[in-house]
Amino acid sequence: MIGKKLISERYVTIAWSKEMVNNNRENYEEIPYELNCALSYLEKFAKLSVEEAEELLSELKSLGLDEKTSVKIVDLLPKDEEDLKVIFYKSDLPENAEEILNTVRKYIK
């Protein structure tokens, strides 16, 4: 994008993205194709509300996980150790893996 400058960058959950896209829909008389595709994807894969996602994100960060990993866990909601291994594919599982899973299980519907 010519003339655009990146000011900041941060990781966001699918739930937060869905809310932002829904809020942005109101700015259009007719929803653009790309926005409609994005919304369709987000509605399909958003498993938590924004409030639940932020709460879980906060709990995961308090367990010592970085923001990137925490966001990925919130988006995927791993059910067991095998699912968690997918997220930590480049490194070993943390020592508190069971505590992470117990925290996530509270949010699985």
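Conventions we followed
- Residues numbered from 1 in each chain as written.
- Predicted model: local features only at pLDDT ≥ 70, side-chain atom pairs only at ≥ 80, totals over all residues.
- Heavy atoms only, no water.
- UniProt positions renumbered as here; feature names shortened; annotations may be inferred.
- Helix = DSSP H or I, 4+ residues; strand = E, 2+ residues; numbered from the N terminus.
- Expected span 1.5 Å × (residues − 1).
- Buried < 20%, exposed > 50% of the residue type's maximum accessible area, 1.4 Å probe, protein only.
- Arc of directions from axis to C-beta.
- Contact = heavy atoms within 4.5 Å.
- Axes fitted to C-alpha atoms, helices over the stretch in contact; angles between N-to-C directions.
- Left-handed = near helix turned anticlockwise from the far one by under 90°.
- Nonpolar A, V, L, I, M, F, W, Y, C, P; charged D, E, K, R; others polar.
- Domains from an automatic or database assignment.
- Buried area = accessible area lost by both parts, 1.4 Å probe.

- Going by what an unreviewed UniProt entry lists, the protein chain is known as DNA-directed RNA polymerase subunit Rpo4 and is assigned to Methanofervidicoccus abyssi.
- Under the UniProt heading Function (unreviewed entry), the entry covering the protein chain gives this text: "DNA-dependent RNA polymerase (RNAP) catalyzes the transcription of DNA into RNA using the four ribonucleoside triphosphates as substrates. This subunit is less well bound than the others."
- Quoted verbatim from the Subcellular location (unreviewed entry) field of UniProt, the annotation for the protein chain is "Cytoplasm".

1. Focus on helix 3 (residues 50-62)
- Taking 1.5 Å as the rise per residue, helix 3 with 13 residues should run 18 Å; its terminal C-alpha atoms sit 18 Å apart, in good agreement.
- Within the sequence span of helix 3, burial applies to Val-50, Ala-53, Leu-56, Leu-57 and Leu-60. Projected onto a plane normal to the axis of helix 3, the buried residues spread over an arc of 130 degrees and lie on a single side. When the buried face of helix 3 is taken as reference, the exposed residues oriented beyond 90 degrees from it are Glu-51 and Ser-62.
- Buried-residue contacts for helix 3 involve helix 1 (14-25), helix 4 (67-76) and helix 6 (97-105).

2. A closer look at the packing of helix 1 against helix 3
- One can describe the packing of helix 1 onto helix 3 by two numbers: an axis separation of 8 Å at closest approach and a directional angle of 145 degrees. Helix 3 is crossed by helix 1, and the crossing has left-handed handedness. For the pair helix 1 and helix 3, the contacting residues are Ala-15, Trp-16 and Glu-19 in the first and Val-50, Ala-53 and Glu-54 in the second.
- Looking at the contact of helix 1 with helix 3, its residues break down into four nonpolar, no polar and two charged.

3. Comments concerning the environment of Ile-14
- Tracing the sequence through the fold places Ile-14 in helix 1.
- On a C-alpha basis, the gap between Ile-14 and Ala-46 in space is 5.6 Å, while along the polypeptide they are 32 residues apart.
- Sequence-distant contacts of Ile-14, defined by excluding residues within four places in its chain, comprise Leu-42, Phe-45, Ala-46 and Asp-75.

4. Quick word on the domain arrangement of the protein chain
- Splitting the protein chain by domain gives domain 1 (12-43) and domain 2 (48-104).
- Between domain 1 and domain 2, the C-alpha centre-to-centre distance is 25 Å.
- Opposite the six residues of domain 1 that make contact, domain 2 presents eight residues.
- Taking both sides of the interface into account, the surface hidden between domain 1 and domain 2 amounts to around 540 Å²; carbon and sulfur atoms contribute 68%.
- The largest contributions to the domain 1 side of the interface with domain 2 come from Thr-13, Ile-14 and Ala-15, which together make up 65% of the buried area.

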